[in-house]
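# Analysis of the macromolecular model
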Amino acid sequence: MAFTGPRPPQFVSRALPGLLAALLAACEEHGGAPQFTPAEVTVQRIAPQTLPQTWDFIGQTQSSRLVEIRTRVEGFLERRVYQEGSLVQAGQTLFLLDAKPFTAALQGQKGQLAQQEARQANAKRNLTRLKNLVEQKAVSQKDVDDAMSALAEADAAVLSARAQVTTAELNLSYATIQSPLTGLSSRSRKDEGSLLSPGSEGLLTTVAQMDPCGSISTSRKTSCCASAARCRKANCKRPAGTAMWWS
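## Describing the overall build of the protein
For the protein, the count of helices and strands is 4 helices and 8 strands. Secondary structure elements of the protein, listed N to C terminal, follow the sequence α-β-β-β-β-α-α-β-β-β-β-α. Counting across all 247 residues of the protein, residues that qualify as buried make up 20%. In the protein, once contacts between residues fewer than 6 apart in sequence are set aside, the share between residues at least 24 apart is 76%. For the protein, the computed accessible surface area is about 19,000 Å², with 55% contributed by carbon and sulfur atoms.

Here you go:
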């Protein structure tokens, strides 16, 4: 069968080998084929190891001890000493009440004690004199008995007066309100100049102990128990030095 279509020009077939030779020569002049550096490969040896099992729960921290700071005596709040929201130390002064009424009451009770002690000393002297006279038959035994009763009453009055002095000293000490523990303080519920009274209206602030501090989780108990069961099934070991573990 004869080919009747158009034939390619003969000069193209003849010029093709020359073109290829020129391209190869140009590549050799530019350094030949491009050189590629081998890519870096990271190699890690796989070996069995022990990994800790942890859980993430949403919870809320809670103080291990929350103390309400209240007034024990009635009086006017003179000054707030601490900074609200700060960490306070045990024994640190938080509030100061007007101490002048308590100081005056203490002085009055000390005066009463001095009077009772004077009466006690006088009763002792009277009893001593009557005992000497009764031996001389100068007084009756009833006078001596009355003197002994008067001395006993004087002794009781002195004890009562001393108790009143102790109470006045305590009330004066209560005018200085201190923190019973180290913790985070809250805002003051009373303003300076307010009249404070013991009881439900005597709350001044709160102090939360932060060491140790607990946590309340909102996670279900069933999910925690299921995780613990999976750990036991996988022969998980309790970490050394841990204080708690699922049971």
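From this point, the discussion proceeds with the structure in view.
## What about the environment of Ser63?
Inspection of the secondary structure puts Ser63 in strand β1 (residues 59–70). Each C-alpha atom of the pair Ser63 and Gln209 lies 5.6 Å from the other, and the pair is 146 residues apart in sequence. The residues contacting Ser63, other than those within four sequence positions of it, are Ala208 and Gln209.

## Looking at the confidence of the model for the protein
In the predicted model, the protein carries a mean pLDDT of 81, and the fraction of residues at 70 or more is 74%. Scored below 50 in pLDDT, residues 243–247 shows 11 contacts in the model against residues more than four places distant or in partner chains.

## A look at the sheet that holds strand β5 (residues 176–178)
In a beta sheet, neighbouring strands pair by backbone hydrogen bonds and run either parallel or antiparallel. Strand order in the open sheet formed by 4 strands is β5-β4-β2-β7, and the pairing between neighbours is antiparallel. The open sheet terminates on both sides in strands that have one partner only, identified here as β5 and β7 (195–196). Where strand β2 (residues 75–80) and strand β4 (residues 93–97) come together, 3 bridges link them in antiparallel fashion. Counterpart to Arg80 in the pairing with β4 is Phe95.

## What to know about the packing of helix α2 (residues 100–135) against helix α3 (residues 141–174)
With their axes 8 Å apart at the nearest point, α2 and α3 run at an angle of 165 degrees to one another. Here α2 is positioned roughly antiparallel relative to α3, judged by the angle of their axes. For the crossing formed where α2 meets α3, the hand is left-handed. Looking at the contact of α2 with α3 residue by residue, the classes come out as 20 nonpolar, 8 polar and 9 charged.

## A word on α3
Compared with an ideal rise of 1.5 Å per residue, which puts 34 residues at 50 Å, α3 spans 50 Å between its outermost C-alpha atoms and is within 8% of the ideal. Within the span of α3, buried status applies to Val144, Ala147, Leu151, Ala154, Val158, Ala161, Val165 and Ala168. Elements in contact with the buried residues of α3: α2.

## A short note on the environment of Leu159
Within the secondary structure, Leu159 sits in helix α3. Judged by relative accessible area, which is 57%, Leu159 ranks as exposed. Residues Leu159 and Leu113, 46 residues apart in the sequence, show an inter-C-alpha distance of 8.6 Å.

## So, the environment of Ser149
Position of Ser149 among the secondary structure elements: in helix α3. Residues Ser149 and Leu127, spaced 22 residues apart in sequence, show a C-alpha to C-alpha distance of 9.6 Å.

## What to know about the pairing of β2
Pairing between β2 and β7: 2 bridges, direction antiparallel. Note that in β7 the partner of Phe76 across the bridge is Leu195.

## Re the packing of aromatic side chains
Under the counting rule described, the total for this entry stands at 1 aromatic pair. When the ring of Tyr82 is compared with that of Phe95, the centres are 5.5 Å apart and the planes differ by 75 degrees; the resulting orientation is edge-to-face. On the criterion of sequence distance, the pair formed by Tyr82 in the loop between β2 and β3 (87–88) and Phe95 in strand β4 is long-range, its members being 13 residues apart. Residue Tyr82 is classed as buried on the basis of its relative accessible area of 2%. Given a relative accessible area of 0%, Phe95 falls into the buried group. Above the ring of Tyr82, the side-chain terminus of Arg80 is found at 5.8 Å from the ring centroid.

Parameters at a glance
- Residues numbered from 1 in each chain as written.
- Predicted model: local features only at pLDDT ≥ 70, side-chain atom pairs only at ≥ 80, totals over all residues.
- Heavy atoms only, no water.
- Helix = DSSP H or I, 4+ residues; strand = E, 2+ residues; numbered from the N terminus.
- Buried < 20%, exposed > 50% of the residue type's maximum accessible area, 1.4 Å probe, protein only.
- Contact = heavy atoms within 4.5 Å.
- Areas by Shrake-Rupley, 256 points an atom, 1.4 Å probe, with all protein chains shown as cover.
- pLDDT = per-residue confidence, 0-100.
- Pairing = 2+ DSSP bridges.
- Axes fitted to C-alpha atoms, helices over the stretch in contact; angles between N-to-C directions.
- Parallel < 35°, antiparallel > 145°, perpendicular 65-115°, else oblique.
- Left-handed = near helix turned anticlockwise from the far one by under 90°.
- Nonpolar A, V, L, I, M, F, W, Y, C, P; charged D, E, K, R; others polar.
- Expected span 1.5 Å × (residues − 1).
- Phe/Tyr/Trp six-rings, centres within 6.5 Å; stacked < 30°, edge-to-face > 60°.
- Lys NZ or Arg CZ within 6 Å of the ring centre and 35° of its normal.

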